[in-house]
Amino acid sequence: MARPIDNKLLGIKISYYRKRKGYTQAQLAEQVNISQSYMAKIECGFLSNCVSLAVLNNISSELNVSIDELISPN
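Residues numbered from 1 in each chain as written. Predicted model: local features only at pLDDT ≥ 70, side-chain atom pairs only at ≥ 80, totals over all residues. Heavy atoms only, no water.

Caption draft 1: Quick peek at the nonpolar core. With 18 residues, the main nonpolar core has Ile14, Met39, Ile42, Ile59, Leu63 and Leu70 as its most contacted residues. If you list the elements that add at least two residues to this core, you get helix 1 (7-21), helix 2 (25-31), helix 3 (36-44) and helix 4 (53-63). Looking at which element gives the most residues to this core, the answer is helix 4, with four residues. Dropping the residues within four chain positions of it, Met39 is found in contact with Ile14, Gln25, Leu28, Ala29, Val32, Ile34 and Ile59. (Core = buried A, V, L, I, M, F, W, Y, C linked by side-chain atoms within 4.5 Å. Buried < 20%, exposed > 50% of the residue type's maximum accessible area, 1.4 Å probe, protein only. Helix = DSSP H or I, 4+ residues; strand = E, 2+ residues; numbered from the N terminus. Contact = heavy atoms within 4.5 Å.)

Caption draft 2: Geometry of the packing of aromatic side chains. The final tally for this structure, using the stated rule, is one aromatic pair. The interplanar angle of 75° and the centroid separation of 5.0 Å between the aromatic rings of Tyr16 and Tyr17 together place this pair among those described as edge-to-face. Of the residues examined, Tyr16 reaches a relative accessible area of 44% and is grouped as partly exposed. (Phe/Tyr/Trp six-rings, centres within 6.5 Å; stacked < 30°, edge-to-face > 60°.)

Caption draft 3: Fine view of the side chain of Glu43. Inspection of the secondary structure puts Glu43 in helix 3. Looking at Glu43, the relative accessible area reads 10%, which means it is buried. When neighbours within four sequence positions are excluded, Glu43 is seen to be in contact with Gly11, Ile12, Ile14, Ser15, Arg18 and Gln25.

Written out as structure tokens, the structure reads:
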């Protein structure tokens, strides 16, 4: 059985890698074609459902990190 994605941890990891690349939330949001407010919700873990695979793929590509690294509990 697949384990659910921890949205809070996902947001923490995206924030970490975003800052390592020197992006603001607004800059990363623009690069992956989403609004800054949606990026903020992702990073804060405020989503009741999962981030779409397409958005997650775009974020991971822009940050040069695998999706597995972003969603892994470690």
